[in-house]
Amino acid sequence: ESPINITSMPVRAIAAESGIKIGDQFASGLVFLNASSPLRERAKDILEAEVKREGLTVGGWRLVPTDDSVCGAEALKTLPVIEQIFVNCASAADTAASPTGIDNKAFERKLFYARRRAEALLTDDAVFYIPTLSAKVIGYKGLVMPEALPVFFKDLNDPRMASSVCVFHQRFSTNTLPQWRLSHPFRYLAHNGEINTVAGNRAWAKARTNKFQSELLPDVNT
């Protein structure tokens, strides 16, 4: 897993090469998608709908270049299609009307809502997973050996790749079978090892969702 500061990498150049237009205030993220075309398109449609529900616009999708020759037999069995989504904070018309956009923290909250709602709607798709969707970082995650990560993700070998901050983390499954979507979320924090009581913690959390409150997330229950 290797989260990279989105503001310091050649994201604009990468988007332009794929014919994708991004605004001054934008976000990007990697998405694990089903190899089945109908399921893949359904997941993309749902994520796009939730992004638009937050008043944001989808600039486009890019198939992330990978090299699966470094994947083991088990990794190849569950290898997802990995695409990169680009999200603009506002449409061109909106930007012209309000060139300052919105507060970065508000933008991140909108992205959070879109991601979580999409995840809730796609619980029946065992492949769908969003490692990161943010205006700050991009996380490259793979079910490969650590030294193979920059081989699998060709972007990490792009000579233009640069970042003010890059964090690398590796882990190995102990209580669960390895799966691509079980990569650490690592969006803002990580833990060392597996939480053995995760099922119980999730059940307790779901039972109390109607009591969740936050000034920063006023729509947390919707």
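Every chain begins its residue count from 1, and numbering advances along the sequence as written. With the structure being a predicted model, the display of local features is reserved for residues of pLDDT at least 70 and the display and counting of side-chain atom pairs for 80 or more, all residues being used for whole-chain, interface and lining totals. Only hydrogens and water are set aside; all other atoms, that is, all heavy atoms of the structure, feed into the side-chain values.

Trainee: Tell me what's going on with the overall build of the chain, and back it up with residues and numbers.
Mentor: In this description a helix means any DSSP run of H or I spanning at least four residues, a strand means any run of E spanning at least two, and both kinds are numbered starting from the N terminus. If you tally the helices and strands in the chain, you get seven helices and six strands. Put simply, the chain runs from its N terminus to its C terminus through helices and strands in the order β-α-β-α-β-α-β-α-α-β-β-α-α. Counting only residues that meet the buried cut, the chain has 40% of its 222 residues in that class. Whether two residues touch is decided by their heavy atoms; if any such pair falls within 4.5 Å, the residues are in contact. Long-range contacts, defined as pairs at least 24 residues apart, comprise 75% of the intrachain contacts of the chain with a sequence gap of at least 6. Each accessible area is a Shrake-Rupley estimate made with a 1.4 Å probe; only the visible protein chains count as cover when residues are assessed. Entry remark: accessible area of the chain is about 12400 Å², with carbon and sulfur atoms responsible for 56%. For every residue, the accessible area (1.4 Å probe, protein chains only) is compared with the maximum for its type, and the residue is labelled buried under 20%, exposed over 50%, or partly exposed between those bounds.

Trainee: Tell me about the sheet that holds strand β5 (residues 129-134), and name the residues and values.
Mentor: The strand order across the open sheet formed by four strands is β3-β4-β2-β5, and the pairing between neighbours is antiparallel. On the outer flanks of this sheet lie β3 (57-63) and β5, each paired with one strand and no other. Looking at each pair of strands side by side, their axes are set apart by 20° on average, direction ignored. When strand β2 (residues 26-33) meets strand β4 (residues 81-88), the two strands line up antiparallel, connected through eight bridges. Pairs of strands are assigned from DSSP output, requiring at least two bridges between the strands. Under this scheme, a helix contributes an axis fitted over its contacting stretch, all axes are lines through C-alpha atoms, and angles between N-to-C directions fall in the 0 to 180 degree range.

Trainee: Describe the confidence of the model for the chain, and please don't skip the residues or the numbers.
Mentor: Mean pLDDT over the chain works out to 84, with 82% of the residues at or above the 70 mark. Per-residue confidence from the predictor is reported as pLDDT, which spans 0 to 100. Considering only residues more than four positions removed or in separate chains, one finds that residues 95-99, a stretch of pLDDT under 50, has one contact.

Trainee: A description of the pattern of salt bridges should follow, citing residues and the corresponding values.
Mentor: For this document, the term salt bridge refers to a Lys or Arg side-chain nitrogen within 4 Å of an Asp or Glu carboxyl oxygen. Within this structure, the stated rule accounts for eight salt bridges. Where Lys 44 meets Glu 83, a salt bridge forms, and the shortest distance between an N and an O atom there is 3.0 Å. Residue Lys 44 is located in helix α2 (residues 37-53), and its partner Glu 83 is located in strand β4; the two are separated by 39 residues in the primary sequence. The burial state of Lys 44 is the same as that of Glu 83; both residues are buried. Here the residues in one salt-bridge network are Arg 115, Arg 116 and Glu 119, joined through shared partners.

Trainee: Account for the nonpolar core, with residues named and values stated.
Mentor: Counting residues in hydrophobic clusters, the biggest one holds 24 residues, and the most contacted among them are Leu 30, Ile 82, Phe 86, Tyr 140, Phe 153 and Trp 180. Of all the secondary structure elements, the ones that give two or more residues to this core are α1 (11-17), β2, β4, β6 (137-140) and α6 (149-152). If we ignore the near neighbours within four places in the chain, the residues touching Phe 153 are Leu 30, Val 64, Pro 65, Thr 66, Ile 82, Tyr 140, Lys 141 and Gly 142. Membership of the second largest hydrophobic core comes to 21 residues, among which are Leu 56, Ile 85, Leu 111 and Phe 128. Working definition of a nonpolar core: buried Ala, Val, Leu, Ile, Met, Phe, Trp, Tyr and Cys residues. They are joined through side-chain atoms within 4.5 Å.

Trainee: An account of the environment of Arg 116 is requested, with residue identities and associated values reported.
Mentor: Note on placement: Arg 116 falls in helix α5 (residues 104-121). Note on Arg 116: relative accessible area 41%, which makes it partly exposed. Here the alpha-carbon distance between Arg 116 and Leu 47, two residues 69 residues apart in the chain, equals 9.5 Å.

Trainee: Could you give an account of the packing of aromatic side chains, naming the residues involved and the relevant values?
Mentor: Put simply, two rings from Phe, Tyr or Trp (the six-membered ring, in Trp's case) pair if the centres are within 6.5 Å, and we call them stacked under 30 degrees between planes, edge-to-face over 60, tilted for the rest. Applying the stated rule across the entire model yields six aromatic pairs. With a centroid separation of 5.1 Å and an interplanar angle of 70°, the aromatic rings of Tyr 140 and Phe 153 are classed as edge-to-face. Linking Tyr 140 in strand β6 with Phe 153 in the loop between α6 and α7 (198-207), this pair joins segments that are 13 residues apart in sequence. Seen in terms of ring centroids, Phe 152 and Trp 180 are 5.4 Å apart; in terms of plane orientation they differ by 45°. Their pairing is tilted. Here Phe 152 is found in helix α6, whereas its partner Trp 180 is found in the loop between α6 and α7, with 28 residues between them in sequence.

Trainee: Give a detailed account of the packing of α2 against α5, specifying residues and quantitative values.
Mentor: Axes are the key here: two packed helices are described by the angle between their axes and the distance separating the axes. Two elements in contact, α2 and α5, have axes whose closest approach is 8 Å; the angle formed by their N-to-C orientations is 145°. The hand of the α2/α5 crossing is right-handed. From α2, Arg 42, Ile 46, Leu 47, Glu 50, Val 51 and Arg 53 reach across to α5, where they touch Ala 114, Arg 117, Ala 118 and Leu 121. A breakdown of the residues in the contact of α2 with α5 according to their chemical character gives six nonpolar, no polar and four charged. Two helices cross in a left-handed way if the nearer one is turned anticlockwise from the farther one by less than a right angle. They cross in a right-handed way if the turn is clockwise. Classification used: nonpolar for Ala, Val, Leu, Ile, Met, Phe, Trp, Tyr, Cys and Pro, charged for Asp, Glu, Lys and Arg, polar for all others including Gly.

Trainee: So what's going on with α2? Residues and values would help.
Mentor: A helix is expected to span 1.5 Å multiplied by its residue count minus one. The terminal C-alpha atoms of α2 lie 24 Å apart, and with 17 residues this matches the ideal 24 Å at 1.5 Å per residue to within 8%. Inspection of α2 places Arg 40, Ala 43, Lys 44, Ile 46, Leu 47, Glu 48, Glu 50 and Val 51 among the buried residues, and these make up the whole buried set. Elements in contact with the buried residues of α2: β2, β3, β4, α5 and β5. Gly 55 occupies a position one or two residues after α2 and carries a positive phi of about 80°.

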